[in-house]
Amino acid sequence: MSCRRGIGVADQTPLINEDGVQGVAVIVQYRVQPAQGPPLGCCNAAPALWNNRELINKHISLSPQLGCGHQTPPDYLIAWVQHQLEQNCTEFSCPRLNSQHQVCGAGISYQTVCGLVQLKPKKKQCFEETIASLTALKLCDYKKCPGCQSYVERADLNNLCVHCSICTSKMGRAYQFCWQCQREWRGPYFNAKRCANVGCGHMTISQPEATSSLKLCRPDFKRKKLQSEKDDIYLSLDKSDSRTRLALIINNVEFEHISDRSGAEIDECSMRTLLELLGYTVVTLRDLTSQGMEAALEDFSRRGEHLGSDSCFVVLMSHGTQEGICGVSYSDDQEDQDILPVSSIFRHLNTPGCPALREKPKVILIQACRGGEDGSVLVADSAPMARHRKEHREKDFICMRSCTPDTVSYRDPRKGSVFIQTVVDTLNNHAHEEHIEELLRKVQKTFKDKYPDQMPCKDRTTLLKKFYLFPGL
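Within each chain, residues carry numbers counting from 1 in the order of the written sequence. With the structure being a predicted model, the display of local features is reserved for residues of pLDDT at least 70 and the display and counting of side-chain atom pairs for 80 or more, all residues being used for whole-chain, interface and lining totals. Side-chain measures here rest on the full set of heavy atoms in the structure, leaving out hydrogens and waters.

Student: Give a detailed account of the overall build of the chain, specifying residues and quantitative values.
Tutor: A tally of helices and strands in the chain yields 12 helices and 18 strands. The buried label applies to any residue whose accessible area, calculated with a 1.4 Å probe on protein chains only, is under 20% of its type's maximum; exposed applies above 50%, and partly exposed to all values in between. Out of the 473 residues belonging to the chain, those deemed buried represent 52%. Restricting the contact set of the chain to residue pairs at least 6 apart, pairs at least 24 apart contribute 68%. Under the DSSP-based scheme used, a helix requires at least four consecutive residues in state H or I and a strand at least two consecutive residues in state E, with every element numbered from the N terminus. The contact criterion used is simple: two residues touch if any of their non-hydrogen atoms lie within 4.5 Å.

Okay, here's the thing in structure tokens:
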């Protein structure tokens, strides 16, 4: 593995060699380049500037201003549009928060987005194809053909047998598929109410792909725990419409000056699925600069939903250095580096930064290297101040890094990072009966038994009670 100025290179080697094949370090980089002037959101890597926002504030004026008056870093706006598209939205809105601590929601057209930020050709094509597909689904009766994955419109709404001209041309024979079970058609073609495929007509046939391995908690287990350890367990709100748990995932995959993080999409999907099943509404943002990450963390910490929540998760996945988490524009050849200091995460989520999460556990996981040949994952947060009395500035944190200092953090381009996948697997299998600190201890135990070249470590943990997730309840 090669490295430059203490920056690890994104790993490309699957971590399956029993002899200890060395994967490449995972690091984060990011910088937005305007047409002129210094890069947006770049942060000097020097520790002396970690708590100094002057560099970022100096370039805030270069951020595009939306019609509602909010200024938004270009990369943050792009990531928010992508997040909304993934929610099947074709009408976009401002991501910033208003004075009521709610997402502004002021409408932004796609044409306005293109006028405010410069989209890369690949990203622009992806956005426009997605918008076209979603619009077609709203206006017409469209579905993907299971053979070629192209969208097909059903001409006869009373017939489930649908003809695909593309597959017919490719196969040299007539190809029909069932509109209901999404498999190649079997049975009579005309006026068909169902096909002859086994299970057609039952929604359960498509469920195995969507089901999760998350084991659910039994109501009697939760009841007994609350009775026997009531004073030693963080308050856990019951599942209801009034419980508004939030989670934030920032996943930097494509970088401007260093290698992309192949396999990171797998980590994102696995973590998002887990958090949603645990009852969290997940905001997923991809490819942010340090300025974009700052803006996203600030908005997340101010969300009014935290008042109706009992906890939060923040997951950051990217390349990293000893100074912090790299934005996608990071380059070791520049004086002002695009790095988000880890202290910024704590600052946004600590007691004064996020009063709504006071006395509530906050879990932060960061998959990133810690310099030269390091990889790190961080979990930390703090609680807000109470009125008319002093409150600890930093409390109720749980922090875990993906590796110990001066060691690398491994990622398989085909399966995702070893750390994130182990965390997801552990929570899936044991969150129904163990609290978070025991779950993370099990993660460490897994590395002891299976991965001799990497060991996650807890850091800056200030939990005063046990935090049970009680999945399903």
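Let us keep going from here.
Student: Kindly report on the pairing of strand E7 (residues 245-251), identifying the contributing residues and their values.
Tutor: Summarising burial for E7: 7 of the 7 residues are buried, a large majority. Where burial is concerned, the two faces of E7 agree: the one with Arg245, Ala247, Ile249 and Asn251 and the one with Leu246, Leu248 and Ile250 are both buried. Here E7 runs beside strand E8 (residues 280-286); their pairing, made up of 7 bridges, is parallel. Note on E8: the bridge partner recorded for Ile249 is Thr284. Crossover handedness is defined by viewing with both strands directed away from the observer: a clockwise path from the first strand over the helix to the second marks the crossover as right-handed. Considered for its hand, the β-α-β crossover made up of E7, helix H8 (residues 264-277) and E8 is right-handed. Bridging between E7 and strand E9 (residues 312-317) involves 6 bridges; their strand directions are parallel. Opposite Leu246, over in E9, you have Cys312 as the bridge partner. Pairing between strands is defined by DSSP: at least two bridges between them are needed.

Student: Break down the packing of helix H9 (residues 290-302) against helix H10 (residues 342-349) for me, citing the residues and quoting the values.
Tutor: Orientation of H9 relative to H10, taken along the N-to-C sense of each, is 20 degrees, at an axis distance of 9 Å. The angle between H9 and H10 falls in the class roughly parallel. As for how H9 packs across H10, the hand of that crossing is right-handed. On the side of H9, the interface is formed by Glu294, Leu297, Glu298, Phe300 and Ser301, while H10 contributes Ser344, Ile345, Arg347, His348 and Leu349. Interaxial angles span 0 to 180 degrees and are taken between N-to-C directions of axes, which are lines fitted to C-alpha atoms, for helices over the stretch in contact. Geometric relationships in this document are graded by angle, where less than 35 degrees denotes roughly parallel, more than 145 denotes roughly antiparallel, 65 to 115 denotes roughly perpendicular, and other angles denote oblique. Crossing chirality is assigned from the near helix's rotation relative to the far helix, an anticlockwise turn below a right angle marking it left-handed and a clockwise turn marking it right-handed.

Student: Tell me about the sheet that holds strand E10 (residues 320-321), and name the residues and values.
Tutor: Across the sheet, which stays open at both edges, the 3 strands sit in the order E10-E11-E12 with antiparallel pairing between neighbours. Either end of the sheet is taken by a strand with one partner, and the two such strands are E10 and strand E12 (339-340).

Student: Give a detailed account of the packing of aromatic side chains, specifying residues and quantitative values.
Tutor: Pairs were defined over the aromatic rings of Phe, Tyr and Trp, the Trp ring being its six-membered one, requiring ring centres within 6.5 Å. Orientation was assigned from the angle between planes: stacked under 30 degrees, edge-to-face over 60, tilted for the rest. For the structure shown, the criterion picks out 6 aromatic pairs. Consider the rings of Tyr280 and Phe313, whose centres lie 5.3 Å apart with planes at 75 degrees: the pair is edge-to-face. Taken as a pair, Tyr280 in strand E8 and Phe313 in strand E9 lie far apart in primary sequence, 33 residues in all. Residue Tyr280 shares its accessibility class with Phe313, and that shared class is buried. With 5.1 Å between their ring centres and 55 degrees between their planes, Phe447 and Tyr451 make a pair best called tilted. Since its relative accessible area comes to 28%, Tyr451 is described here as partly exposed. By way of ring pairs, the aromatic residues Phe221, Tyr468 and Phe470 are connected into one cluster. We call a charge positioned over a ring when the NZ of a Lys or the CZ of an Arg lies within 6 Å of the ring centre and within 35 degrees of the ring normal. The residue whose ring lies beneath Arg245 is Tyr280, and the NZ or CZ to ring-centre distance is 5.1 Å. Positioned above the aromatic ring of Phe346 is the side chain of Arg460, whose terminal nitrogen or guanidinium carbon lies 3.5 Å from the ring centre.

Student: Go over the packing of helix H2 (residues 74-86) against helix H4 (residues 121-139) with me, naming the residues and quoting the values.
Tutor: Packing of H2 against H4 brings their axes to within 11 Å, and their N-to-C directions diverge by 30 degrees. Classified by the interaxial angle, the pair formed by H2 and H4 is roughly parallel. The handedness of the crossing between H2 and H4 is left-handed. In this structure, H2 contributes Ile78, Val81, Gln82 and Leu85 to the contact, and H4 contributes Lys123, Phe127, Thr130, Ile131 and Leu134. When residues are grouped by polarity, Ala, Val, Leu, Ile, Met, Phe, Trp, Tyr, Cys and Pro land in nonpolar, Asp, Glu, Lys and Arg in charged, and all others, Gly among them, in polar. For the contact of H2 with H4, the per-class residue count stands at 6 nonpolar, 2 polar and 1 charged.

Student: Got a sec to walk through the pairing of E9? Specific residues and values, please.
Tutor: Of all 6 residues in E9, 6 are buried, a share of seventy percent or more. Burial of E9 is two-sided: the residues Cys312, Val314 and Leu316 facing one way and the residues Phe313, Val315 and Met317 facing the other way are all buried.

Student: So, unusual backbone geometry: which residues are in play, and what are the values?
Tutor: Non-glycine residue Gln182 carries a positive phi angle of around 60 degrees. With respect to the helices, strands and loops of the structure, Gln182 is situated in the loop between strand E6 (176-178) and helix H6 (207-210). The partly exposed category is assigned to Gln182, whose relative accessible area is 29%. One non-glycine residue, Phe470, lies in positive phi territory at about 45 degrees. Counting through the fold element by element, Phe470 comes out in the segment after strand E18 (457-458). Given a relative accessible area of 1%, Phe470 falls into the buried group.

Student: Which residues make up the nonpolar core, and what are the values?
Tutor: Core analysis: the biggest nonpolar cluster contains 34 residues, and Met271, Leu275 and Leu469 have the highest contact counts within it. Counting residues per element, the ones that place at least two in this core are E7, H8, E8, E9, strand E13 (362-371), strand E15 (397-401), helix H11 (418-430) and helix H12 (436-450). No other element matches H11, which puts 6 residues into this core. Discounting residues that sit within four places of it in the chain, Leu275 has contacts with Ala247, Ile249, Tyr280, Val282, Phe313 and Val315. Residues enter a nonpolar core if they are buried and are Ala, Val, Leu, Ile, Met, Phe, Trp, Tyr or Cys, with the set joined through side-chain atoms within 4.5 Å. Formed by 26 residues, the second largest nonpolar core is a distinct cluster that contains Ile250, Ile345, Leu349 and Ile366.

Student: Describe in detail the side chain of Gln454, supporting the description with residues and values.
Tutor: Locating Gln454 in the fold gives a position in the loop between H12 and E18. We call two N or O atoms a polar contact when they sit within 3.5 Å, provided that within protein one can donate a hydrogen and the other can accept it, with sequence-adjacent residues counted only if both atoms are side-chain atoms. Here the side chain of Gln454 touches Ser402 through a polar contact of 2.8 Å, landing on its backbone oxygen. There is a polar contact of 3.0 Å between the side chain of Gln454 and the backbone nitrogen of Tyr410. When sequence neighbours within four positions are dropped, the list of residues in contact with Gln454 reads Ser402, Cys403, Val408, Ser409, Tyr410, Val418, Phe419 and Phe447.

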